[in-house]
Amino acid sequence: MICRLLTEQLIDKAKKGMRSDSFLYGYIAAFAAGIALYFGLKTEPPLVIAASVCSVSGLLWGLIRQNKVAHFVLGVVTCVVLGLTVAGIRAHQVAAPVLPKILRDTVVEGRVVSAVGAPDRQQVILKDVRIRGIPVSETPFYVRLNADFEYPVLSVGDRIRVTAFLAPPGLPAAPGSYDFARRIWFERIGATGRIGQVQSVVSAESHSLRAHIEDLRRFVSERLQTVLSYEQAQVAVPLVIGDQKVVSEEMYDLFRFSGITHMLSVSGFHFGLVAGGVFFLIRFLLAFFPWINGWLNTKKVAVVVALAAGFGYLILSGAQIPAVRAFVMLALAFGAVFWDRNPFSTRFAAVAAAVMLVVRPELILNIGFQLSFMAVFALVTLFPPLYRRFRSAGGFWGRIRDMVVALILVDVLATIATLPLTVYHFNQIALYGLLGNLATTFLFSVIIMPLLMIALLLMPIGGDTFFITMAGYGIDVVIGICRFICDLPGALFGVPSFGMTALIIMIVGLFLIFSGGLRVFAGLVIVGIGVVAACLTPRPIALAALKLSSVFPTDFAASGILGIRTAEGGLTVLVPRVLEYPMTAAVWLQQDGQFPTYLMPADVDRLPDQIHAGSVRLATDIAACRGADVSFVPFAEQGQACTGVLVTAEALEKEGTHAFYKTESGFRIETARESVGRRLWHP
């Protein structure tokens, strides 16, 4: 009722010309802010109260029309509470059981619904799961398993029985870091783990549409990996079917240091190439038949065919969240073209964002969604005036110059608009990212993607080898460019993590810049304030975590991970040799602005008995805890002779990583549990 009332009000006011675009943008921004507020809370909000407040404020908004200020304020309040309510309903709608505890060497049986990756590095998602020792009522709806060894090729519908290490979605690796549990909650995955041994595979011939699609994706992947070299296939397979499991760490780092990692995931760029190419190709071919134009609108025909091609590409790419988001955006843009509307406008971009957030409010946390819409808003607001300013007078060489100018403007604007988000999420700045995009965009747009699409169409009938091979040559050039950029000095440098407040300040400043006029100067000042706030963000003097899957679950010196701030200001992570190099340590280093080497060997058998983090003394063994400021002990009663603060193994297990911050009076402790609160995905 409230949604319908909001929609009717917006349409009525728009038709009568009584509401400016600013009002519309304000309401959409308020709706998005309400969704963000829901995910930012530490406890679950009472949805009944939220819905009641939304109803009352929405009713008042519809009744109070004379006072425009009060009308707008009530509209903003209604949209904020509506966003919070919609996000809460969605979170409860996808609720599914979560594995109650860690299981080692347990037996897992289930039906395969997805299997992706290279033969020696696969990821499997199971449904209809049975787990030894877990009641049906507590069994997760989906289970995701990884394997780093080669095992039988699986198809959708197969039932497998394996021994595996299983764990419920854990807390973030550090306070404020990426919350993996929140993401997979909306995918209804209640446990993740690693396959130890495959006991049995019962092949089941499935005639479902999904099974046929997965078979097609596997056929395409195998065909590309057969024709292309190992390096070439690591780029081609993600471009065509969206499977990043075939990409090695080395190849990913090459693209990351070059600032073009977005090329390895199916996004708006790829959908634009596929659907846009089909659109212009159809219009070009139909132009040879003038008699068709007399009774058929060729532009609308091209739109329909291009959308069909885009939908086919979506299905082939696995319909992952970034791809679905990109296709929805593409469909809305082509819908605007079909109905003779302008798809390149801030109104269109804002409405498209609102539509997607209504259906999937969790998208506001999706990095691809954030980056895409920041880039879109920058392009639709700043590209037209800047392009008109630098556009040439005409002629052949003038058109060539215009293409180069347009390419540079697109890359520059997209880079600037997404820079705060990129730094916030990835703690890095690719100094030569603009060079990497300029040097490779043409190759991807004109050579690699068109050749791969032609090869894809020819695969059922043969004749695709030539086109795949030629695309491989183009990929070799791209890899060579990436290696050249990576060898340049300062190709990538890290930035320590900063708070959400600083990020919001910078984004507000960017939107003021996008709006133009005198607001540009205010936006620049606000962005500067956000940068200063980011630089002033305190960094922990020490971090501590317990490796729960280790063979010493209560001995911190043998199973703990400790990060210490050195006198030079950097973070050093100490890991016992038995733990190898856990991902937790890599996250700590990345958040500190460093680039971890994932294969770095641990260099100690046990952590030192006592370590100094600045003026704070940390004891990792009970025998050395006297006189320490913080002591890590198995149980509280065993640390009665210790001085200072006791951190038990139970606390590390339940509260997650502990971060220690220096204060005037000593230090304070922040845990991963405190940073996420008590939510549905972290009960």
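Now for a quick tour of the structure. (Residues numbered from 1 in each chain as written. Predicted model: local features only at pLDDT ≥ 70, side-chain atom pairs only at ≥ 80, totals over all residues. Heavy atoms only, no water.)

## Points about the overall build of the protein
When helices and strands are counted, the protein shows 23 helices and 16 strands. Scaling as 2.2 N^0.38, a compact globule of 683 residues should have a C-alpha radius of gyration of about 26 Å, and the protein matches this with 27 Å. When its C-alpha atoms are laid out on the principal axes, the protein stretches across 95 × 70 × 55 Å. Sorting the 683 residues of the protein into buried and exposed places 45% on the buried side. Expressed as a percentage of contacts within the protein between residues at least 6 apart in sequence, the contacts between residues at least 24 apart total 66%. Of the accessible surface of the protein, which amounts to about 33100 Å², a share of 65% is contributed by carbon and sulfur atoms. Across the protein, the 56 positively charged side chains and the 46 negatively charged ones have centroids separated by 12 Å. (Helix = DSSP H or I, 4+ residues; strand = E, 2+ residues; numbered from the N terminus. Rg over C-alpha atoms; globule rule 2.2 N^0.38 Å. Buried < 20%, exposed > 50% of the residue type's maximum accessible area, 1.4 Å probe, protein only. Contact = heavy atoms within 4.5 Å. Areas by Shrake-Rupley, 256 points an atom, 1.4 Å probe, with all protein chains shown as cover. Lys, Arg positive; Asp, Glu negative; His and termini not counted. Charge placed at Lys NZ, Arg CZ, Asp CG, Glu CD.)

## Here we look at the sheet that holds strand E12 (residues 616-619)
Strand pairs in the sheet, formed through backbone hydrogen bonds, run parallel or antiparallel to each other. Strands sit in the order E11-E12-E13-E14 across an open sheet of 4 strands; the sheet is mixed. Edge positions in the sheet fall to strand E11 (610-613) and strand E14 (645-648), since each of these pairs with one other strand and no more. Across the sheet, the axes of successive neighbouring strands diverge by a mean angle of 20°, strand direction being ignored. (Pairing = 2+ DSSP bridges. Axes fitted to C-alpha atoms, helices over the stretch in contact; angles between N-to-C directions.)

## With respect to unusual backbone geometry
The residue aspartate 105 is not glycine, and still its phi comes out positive at about 50°. Position of aspartate 105 relative to the elements: it lies in strand E1 (residues 103-118). By relative accessible area, aspartate 105 is classed as exposed at 62%. Positive phi outside glycine occurs at arginine 188, with the angle close to 60°. Assessed through its relative accessible area of 29%, arginine 188 is described here as partly exposed.

## Side note on the environment of cysteine 625
Residue position: cysteine 625 is located in the loop between E12 and strand E13 (630-633). On the basis of relative accessibility, which here comes to 2%, the residue cysteine 625 falls in the buried class. Separated by 21 residues in sequence, cysteine 625 and leucine 646 have C-alpha atoms that sit 9.3 Å apart.

## Side note on helix H19 (residues 519-535)
With 17 residues, H19 extends 24 Å from end C-alpha to end C-alpha; this agrees with the ideal 24 Å at 1.5 Å per step. Every buried residue of H19 is accounted for by Gly523, Val527, Gly530 and Ala534. Mapping the buried residues of H19 onto a view down its axis gives an arc of 60°, with all of them on the same face. Exposed and oriented more than 90 degrees from the buried face of H19 are Phe521, Val525 and Cys535. Next to the buried residues of H19 lie helix H18 (500-515). (Expected span 1.5 Å × (residues − 1). Arc of directions from axis to C-beta.)

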